[in-house]
Amino acid sequence: MRPRALVTATIALATLVAGTAIPAQAKPAGPPKEPVAVGYGGAVSTVDATATAVGLDVLRRGGNAVDAAVAAAATLGVTEPFSAGIGGGGFFVYYDAKSRRVHTIDGREAGPASMSETTFIDPATGAPYRFDEARISGLSVGVPGTLLTWQDALDRWGTRSLAQVLKPAARVAEDGFPVDETFAGQVAGNQAAFGQFSSTSALYLPGGQPPAVGSTFRNPDLAETYRLIAKRGTDVLYRGEVGRDVVATVQHPPVAADPVGSWPYPIRPAGMTAADLAAYRTRFPEPTRSDYRGLEVYGMATPSSGGTAVGEALNILEQFDLRSMTATQAMHRYLEASALSFADRNRYVGDHTPRNVLRELLSDAYAKERACLIDPSAALPKPVAPGVPDGTYGGCTAAAAADVRDDRTGTTNLTVADRWGNVVEYTLTIEATGGNGMVVPGRGFLLNNELTDFNFAPTQGTATDPNLPGRGKRPRSSMAPTIVLADGRPFLAVGSPGGATIITTVLQMLVNRIDRGMTLPQALAAPRASQRNGASTQAEPAFITGYATGLPPGHTFSSTAEIGAATGIEFLADGRLVAAAEPVRRGGGAAAVVGRWGRD
Ligand code: GLU
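Residues numbered from 1 in each chain as written. Predicted model: local features only at pLDDT ≥ 70, side-chain atom pairs only at ≥ 80, totals over all residues. Heavy atoms only, no water.

(A) Representation of the overall build of the protein. The number of helices and strands found in the protein is 21 helices and 17 strands. For the protein, whose C-alpha radius of gyration is 23 Å, the value lies close to the compact-globule estimate of 25 Å for 600 residues. In terms of overall dimensions, the protein has a C-alpha envelope of 65 × 60 × 45 Å along the principal axes. Counting across all 600 residues of the protein, residues that qualify as buried make up 64%. (Helix = DSSP H or I, 4+ residues; strand = E, 2+ residues; numbered from the N terminus. Rg over C-alpha atoms; globule rule 2.2 N^0.38 Å. Buried < 20%, exposed > 50% of the residue type's maximum accessible area, 1.4 Å probe, protein only.)

(B) The side chain of N64, seen in detail. By the secondary structure assignment, N64 is in the loop between α3 (49-60) and α4 (65-79). A distance of 3.0 Å separates the side chain of N64 from the backbone nitrogen of V66, its partner in a polar contact. If we skip the residues at most four places from it in the chain, N64 touches L59, W157, G158, T159, D418, W420 and N422. (Polar contact = N/O pair within 3.5 Å; in protein donor to acceptor, adjacent residues only side chain to side chain. Contact = heavy atoms within 4.5 Å.)

(C) Structural detail: the packing of aromatic side chains. Per the stated rule, a full pass over the model turns up 18 aromatic pairs. For the ring pair W150 and Y226, a centre distance of 6.5 Å and an interplane angle of 65° mean the geometry is edge-to-face. Note that W150 is positioned in helix α6 (residues 146-157) and Y226 in helix α11 (residues 220-232), a separation of 76 residues in sequence. The class of Y226 is buried, set by a relative accessible area of 1%. Here the aromatic residues F82, F177, F183, F194, Y204 and F217 are joined through ring pairs into a cluster of three or more. Of note, R156 hangs over the ring of F284, and the distance from its end group to the ring centre comes to 3.4 Å. Across from the ring centre of F320, 5.4 Å away, lies the NZ or CZ of R333, which sits over that ring. (Phe/Tyr/Trp six-rings, centres within 6.5 Å; stacked < 30°, edge-to-face > 60°. Lys NZ or Arg CZ within 6 Å of the ring centre and 35° of its normal.)

(D) Geometry of the side chain of R586. Its location among the elements puts R586 in the loop between β16 (577-581) and β17 (590-596). For R586, the residues in contact, after removing those within four places along its chain, are E80, S83, T182, Q186, T411, P497, E562 and A565.

(E) Broad picture of the UniProt feature "binding site: L-glutamate" (unreviewed entry) in the protein. Sites flagged by UniProt as "binding site: L-glutamate" (unreviewed entry) map to R108, D453, S477, S478 and G499. For the annotated residues, spread through 392 residues, the largest C-alpha to C-alpha distance comes to 14.1 Å, consistent with a single compact locus. Along the polypeptide, S477 turns up in the loop between β9 (423-429) and β10 (482-486). Of the residues examined, S477 reaches a relative accessible area of 1% and is grouped as buried. When sequence neighbours within four positions are dropped, the list of residues in contact with S477 reads F91, R108, P303, S304, S305, G306 and R345. Tracing the backbone through its elements, the reader meets G499 in the loop between β11 (489-495) and α19 (501-514). (UniProt positions renumbered as here; feature names shortened; annotations may be inferred.)

(F) Examining helix α13 (residues 241-251) more closely. For α13, every residue scored as buried is listed here: V242, G243, V246, V247, T249 and V250. One side of α13 holds all its buried residues, which, seen down the axis, span an arc of 160°. The inward-facing, buried residues of α13 contact α11, α12 (235-238) and α14 (274-279). (Arc of directions from axis to C-beta.)

(G) A look at the sheet that holds strand β14 (residues 557-559). Taken together, the 3 strands give an open sheet; going across it, the order is β12-β13-β14, and neighbouring strands pair in mixed fashion. Each edge of the open sheet carries a strand with a single partner, namely β12 (529-530) and β14. The pairing of β12 with strand β13 (residues 537-539) spans 2 bridges and is antiparallel. Across the sheet, the residue bridging to A529 is A539, located in β13. (Pairing = 2+ DSSP bridges.)

(H) Representation of the packing of α6 against helix α7 (residues 162-175) within the structure. Put simply, α6 and α7 touch, their axes get as near as 10 Å, and they point 125° apart. By the criterion of interaxial angle, the relationship of α6 to α7 is oblique. Residues L147, W150, Q151 and L154 of α6 form the contact with α7, whose participating residues are L162, V165 and L166. Per-class residue counts for the contact of α6 with α7 are 6 nonpolar, 1 polar and no charged. (Axes fitted to C-alpha atoms, helices over the stretch in contact; angles between N-to-C directions. Parallel < 35°, antiparallel > 145°, perpendicular 65-115°, else oblique. Nonpolar A, V, L, I, M, F, W, Y, C, P; charged D, E, K, R; others polar.)

(I) The arrangement of the pairing of strand β7 (residues 295-299) in detail. Of all 5 residues in β7, 5 are buried, a share of seventy percent or more. What sits between the antiparallel neighbours strand β6 (residues 288-292) and β7 is a turn of 2 residues, in which R293 has the positive phi angle 50°. Pairing of β7 with β10 involves 3 bridges; the strand directions are antiparallel. Opposite E296, over in β10, you have L485 as the bridge partner.

(J) Layout of helix α15 (residues 306-317). Given a rise of 1.5 Å per residue, 12 residues ought to cover 16 Å, and the 16 Å separating the end C-alpha atoms of α15 matches this to within 8%. α15 sits mainly inside the fold: 12 of its 12 residues count as buried. Taken as a whole, α15 has its buried residues at G306, G307, T308, A309, V310, G311, E312, A313, L314, N315, I316 and L317. Elements that come into contact with the buried residues of α15 comprise β6, β7, α16 (327-348), α17 (355-361), α18 (364-371) and α19. (Expected span 1.5 Å × (residues − 1).)

(K) Main features of the nonpolar core. Formed by 87 residues in total, the largest nonpolar core has its most connected members in F92, W150, L162, Y204, Y226 and L414. Element by element, the count of residues in this core is highest for α4, at 11 residues. The next biggest cluster of nonpolar side chains, apart from the first, holds 72 residues, and it includes A313, L335, L380 and A529. (Core = buried A, V, L, I, M, F, W, Y, C linked by side-chain atoms within 4.5 Å.)

(L) Highlighting unusual backbone geometry. Residue P303 is reached from T302 by a cis peptide bond, and omega for that bond is 15°. One can find P303 in the loop between β7 and α15. Of the consecutive residues K382 and P383, the connecting peptide bond is found in the cis state with omega at 0°. Note on placement: P383 falls in the loop between α18 and β8 (411-418). If you check the backbone angles, R100 has positive phi at about 55° while not being a glycine. Here R100 shows up in the loop between β2 (89-96) and β3 (101-107). In this structure, R586 takes a positive phi of about 45° despite not being glycine. Judged by its relative accessible area of 17%, R586 is buried.

(M) Expanded view of the confidence of the model for the protein. Mean pLDDT for the protein: 93, with 92% of residues reaching 70 or above. In this model, residues 1-27 is a region of pLDDT below 50 whose contacts with residues beyond four sequence positions or in other chains number 45 contacts. (pLDDT = per-residue confidence, 0-100.)

(N) Examining the environment of V187 more closely. The topology assignment puts V187 in helix α8 (residues 181-189). In the structure, V187 is positioned 159 residues away from N346 in sequence and 32 Å away in space, judged by C-alpha atoms. In contact with V187, not counting residues within four places along its chain, are F82, F194, Y204, L205, P210 and P211.

Given below as structure tokens:
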């Protein structure tokens, strides 16, 4: 049944913008940064004002959503280099207005041919490496997929060449952009790791310190790399000289003769080769789909667990009438559904999960079986056990549970819509903030540490772990770029960074918007909590203050300053677009529309 009221509701502009404006920053200067924009003719939302301005300019000049998304992503590679860039990977979800179909690109990094199940086991001790030990090494670097994702998206659905859309980003890299607190803080947080490499410290630690807030940051090497790609195509990375430099960096990390500060672990090289780069291919999987209260929710299939985990949790939540509940009753269901869905994700979802298992995880019958475990009057003891997605349903029984592993955060997300009704939701990453810490010498971009998203050692007891490393295998992701349709037309597009919290952030925004009567900007700004089948729920302080005391017994929380950095667009029934970004988290994002306020 179509949720008419939901889709046709006219949302008063005042409600949309109230309470979300951030004061104009005196310094650093740059394009304006607003978390909410309402209008028509296309919209862009990213975490960064420069990237949003570049995307908007492409739309204004007649480019479509794919052209603008790639131009904005390339700019984020310059202004958000610790979260994204051609050294990394990501997942691109596209709604095509003409065919009314949702397509996806899996541009996830791949394990090189030299990778094996024991890559992250220290041969000297037989124990898994510590996270940072694995991260700041060649072992963590997956074969990058971002550049090929851009090319493939443009080839299939764009109207501009890669050379055209790289131009503005190259200009930003050449001319520079203002350093804000987020940028300087991300360098400071990586100072010890960055300081070990001559290339990285030369770029990001001038004089041994992070660049000053308010100064102009330039990256001429990256400008040159983008121009080289513009001239000669993606082969310069996958078959040419930039690729050779990537391989050299992985095989012989550019360790500084005179490092800035010290690093507690040896910096290990690894065996990625030119053949690994040449063998890399993007994939075009069918999106996941779950129907939620009459809406169609499309997400990212494996190797991301985003689509299945968000979809399963929504299916579980559909068993409850969240609208008629109090906020705490609804949040209790949300937290429990997240835990149940994470138990299944951890047990079953990886790059090679059989299709029938994925189908079952997203089935309504399976969701019913899982939902019946939720006790309205108490939280389930965590971790909860995974279910058995075998197509038979045996009632409310739970088995023993297994271990949970958390991911970290260093990603970016963007949402774009154009005047023709095409929509892009795109999450891209180099994994941890700062990736593996190595700038490719002379090329101006950081390498990813995506392979640390594999489990270093089995986590599922006697059951098979679906996310162990392997040759050519892609590590499980949590990225969850999501497009929601109502009657085959776009209603919402949302996504976020945040490692494994991405799944709960996207889920919570959907619940807030669809079930809890919030506008999209409110749903995005609302305090977040992330229950990932752990003993305690990670939550922002405002969530704990607002909900913790009203929840049924059994929930415990650990406080964390902020979760995620989302972007989104809502498509109103009167044709206007509501572009939304974070008002506060990660320094606030930037939303913009082509034409302001509406046609009338
Ligand atoms: N590597 C993580 C993933 O693919 C993303 C990290 C992040 O969002 O910060 O799920």
